[in-house]
Every structure is written in C-alpha cells, then in structure tokens.
Amino acid sequence: MTVLITGANRGIGLALFNAYKDRGEAVHGTSRAPVTEENWHQLEVTDPASHAKMCKELDCQPIDLLICNAGVYLDQSENLADGYPPQMWADTFAVNVTGVFLTIQTLLPNLQMASGAKIAIISSQMASHTRAPGGSYIYRSSKAAVLNLGRNLATDMKHIGIAVGIYHPGWVRTDMGGDQAELGVTEAAAGLVERFAHLSLETTGIFETWDGHAHAY
Ligand SMILES: NC(=O)c1ccc[n+]([C@@H]2O[C@H](COP(=O)([O-])OP(=O)(O)OC[C@H]3O[C@@H](n4cnc5c(N)ncnc54)[C@H](OP(=O)(O)O)[C@@H]3O)[C@@H](O)[C@H]2O)c1
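Residues numbered from 1 in each chain as written. Predicted model: local features only at pLDDT ≥ 70, side-chain atom pairs only at ≥ 80, totals over all residues. Heavy atoms only, no water.

K.L.:
Hey, could you run me through the nonpolar core in this one?
P.N.:
One broad trend across soluble globular proteins is that nonpolar side chains are buried collectively. If you look at the biggest cluster of nonpolar residues, it comprises 30 residues, and the most contacted ones within it are L66, I104, I119 and I121. When contributions to this core are tallied by element, the ones reaching two or more residues are β4 (65-68), α3 (86-113), β5 (118-122), α4 (137-157) and β6 (163-168). In contact with I104, not counting residues within four places along its chain, are L66, C68, I119, I121, L153 and M157. Formed by 26 residues, the second largest nonpolar core is a distinct cluster that contains I67, V193, F196 and W210. (Core = buried A, V, L, I, M, F, W, Y, C linked by side-chain atoms within 4.5 Å. Buried < 20%, exposed > 50% of the residue type's maximum accessible area, 1.4 Å probe, protein only. Helix = DSSP H or I, 4+ residues; strand = E, 2+ residues; numbered from the N terminus. Contact = heavy atoms within 4.5 Å.)

K.L.:
Hey, could you run me through the site of the ligand in this one?
P.N.:
N9, R10, R32, Y139 and T174 are the nearest of the 27 residues found near the ligand. One of the side-chain N or O atoms of R10 is found 2.7 Å from an oxygen atom in the ligand. Look at the ligand: alone it shows 900 Å² of surface, and the protein chains cover 93% of it. Elements supplying a minimum of two residues to the shell around the ligand: α1 (11-22) and α4. Of the residues in the shell around the ligand, the class split is 12 nonpolar, 10 polar and 5 charged. (Near = heavy atom within 4 Å. Polar contact = N/O pair within 3.5 Å; in protein donor to acceptor, adjacent residues only side chain to side chain. Areas by Shrake-Rupley, 256 points an atom, 1.4 Å probe, with all protein chains shown as cover. Nonpolar A, V, L, I, M, F, W, Y, C, P; charged D, E, K, R; others polar.)

K.L.:
What is the right way to read the layout of surface pockets from this model?
P.N.:
If a probe as big as a water molecule is rolled over the atoms, it shows which places are left empty. Estimates place the volume of the largest pocket at around 890 Å³. Looking at the largest pocket, it is lined by 37 residues, and the ones nearest its centre are N69, G71, V72, T174 and M176. Of all the secondary structure elements, the ones that give two or more residues to the lining of the largest pocket are α1, β2 (26-31) and α4. Here the element with the most residues in the lining of the largest pocket is α1; it accounts for 3 residues. (1 Å grid on protein atoms, 1.4 Å probe; cavity = no way out; pocket = protein on both sides within 12 Å on 5 of 7 lines; lining within 4 Å. Points joined across faces, edges and corners; volume = space filled by probe spheres on them.)

K.L.:
Explain α4 to me, please; I cannot follow it from the model alone.
P.N.:
Each α-helix turn comprises 3.6 residues. Residues three or four places apart therefore point the same way. With 21 residues, α4 extends 30 Å between its outermost C-alpha atoms, agreeing within 8% with the 30 Å of an ideal straight helix rising 1.5 Å per residue. Buried within α4 are the following residues: I138, Y139, R140, S142, K143, V146, L147, L149, G150, L153, A154 and M157. Looking at the packing, one finds that the buried side of α4 touches α3, β5, β6 and β7 (207-209). (Expected span 1.5 Å × (residues − 1).)

Fair warning: the whole summary comes from geometry, so function is off the table for now.
Given below as structure tokens:
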C-alpha cells in the first residue's frame with residue numbers, strides 16, 4: 001500500500017508517517033520546509049504551484065491512501081469583542097479547507113490509478129455543531145467546512161470507487177494540542193491507522209473518532 005500524508009514533519013502527521021513505515025508500507029510525507037530524503041515532498045497546501053510541483057514528482061504513482069492532515073489553529077487566544085480579524089479567517093480557511101481540496105484535486109489521478117483508494121480527512125470534534133462549547137470560531141468553522149467538504153466528496157467519489165472518511169484524532173499532545181492534551185501521538189496514530197483500515201465504500205462519508213466512535217455532527 002502507498003500512503004501520502006500532508007504535514008508529516010511533526011505532530012500527528014509524523015506519528016502516522018512512522019506508524020505506516022513501521023508496518024512496511026510505502027509512505028510519502030509532505031513538509032513545508034525543503035526536503036532531501038526519498039519519498040518526501042515539499043508542499044505548501046495553500047499554493048497551487050506547490051501542488052503542481054508535487055504532482056510532477058508523483059507522476060504515474062498510484063496512491064492507495066491519502067491523509068489530509070496539515071492544519072492550523074490560529075485563533076486560540078482571540079476574544080469576541082475585538083479579535084478574530086478577517087485575515088485570520090482567510091489564512092485558516094486557506095490551509096484547513098482550500099488546502100485539503102487542492103490536495104485531493106491534485107492527487108485525484110494518482111488515487112484513481114490505485115484500486116479501492118481512500119481519503120482520510122483530519123477534521124476535529126470542533127467541527128461538530130451539536131457540541132458547541134463556544135470560542136475558537138475560526139478554527140471550528142474551518143473544521144466544520146472540511147467535514148462538509150469530505151461528506152460531499154464521499155458522495156461524488158463513490159461511483160469512482162474512492163472512499164472518504166472524516167476523523168477526530170483525539171485531543172493530542174502536539175504543538176497544536178498542547179501539553180495538557182489527553183493522548184500521545186503514538187496512541188492517536190495507532191487508533192487512526194485502525195480506523196482508516198476499516199474505511200470502505202460502505203462506510204464512506206463517516207465522521208469518526210480516533211477510537212472508532214461515530215461522531216455527532
Ligand atoms: N492536536 C490535537 O489535539 C488535534 C485535535 C483535533 C484535530 N487536530 C488536527 O490534526 C491535524 C494535525 O494536528 P497536529 O496537532 O499534529 O498539529 P501540529 O503539530 O501543529 O502540526 C501541523 C502540521 O501541519 C502542517 N501545516 C500547517 N500549515 C501548513 C501549510 N500551509 N502547508 C502545508 N503544511 C502545513 C505543519 O507544517 P509546519 O511544520 O511547516 O508548520 C505541521 O506539519 C490538524 O489538521 C489539526 O487541526 C489536532
């Protein structure tokens with residue numbers, strides 16, 4: 001199986017990269033910083049030219065599993081009275097939503113070359129509108145948008161044999177999740193690998209947690 005993971009240079013993406021590597025799979029990782037190692041690609045997910053360059057590097061290589069993991073959480077410290085500036089909305093959506101769309105669009109030919117390819121989108125429990133504790137409006141909205149994108153792509157891609165799942169990876173100790181988070185990256189990645197293995201055309205469009213629970217929308 002060939003796997004490609006965006007934002008694989010640290011955090012959950014790196015743990016997923018290592019998990020698949022340990023299982024002997026062919027893993028490609030992307031990083032914004034320049035890369036020299038084999039199977040690593042420099043990718044700025046907001047930049048179409050960067051996608052075009054990666055597309056050339058991966059020409060004619062089937063991809064069985066694409067994991068759209070790269071993401072940002074820029075509005076952790078914003079306040080309602082005078083925070084959440086428009087540029088922060090634009091920057092967040094460019095990575096968390098447009099970046100996911102561009103990645104999938106770029107790699108569609110590679111996914112179609114594989115038989116029974118899958119796409120895993122890392123969203124968040126913060127995408128849920130039934131669970132709405134308030135705050136982080138930009139991040140929450142972007143993760144809700146990418147959940148919606150994933151569910152609609154699932155509908156459109158079913159007839160070409162590609163399954164799409166959307167996932168909450170847990171609250172994970174990374175630069176984004178912070179030191180107080182509940183889960184280590186290895187545990188989160190192990191759970192996600194298990195969930196991606198269960199994704200199929202029968203379950204396409206699911207929104208699931210890292211440990212296999214259906215998530216409330
Ligand atoms: N940690 C949690 O508790 C938690 C909970 C729910 C959902 N998530 C989601 O899980 C995913 C991974 O989170 P994490 O905790 O591992 O975050 P992280 O440690 O902050 O890592 C984020 C990764 O995304 C990459 N990235 C950011 N902007 C990018 C861009 N414009 N182009 C390409 N790559 C970019 C980063 O690259 P650089 O190193 O270049 O910045 C890094 O590799 C994210 O989608 C996040 O929203 C995390």
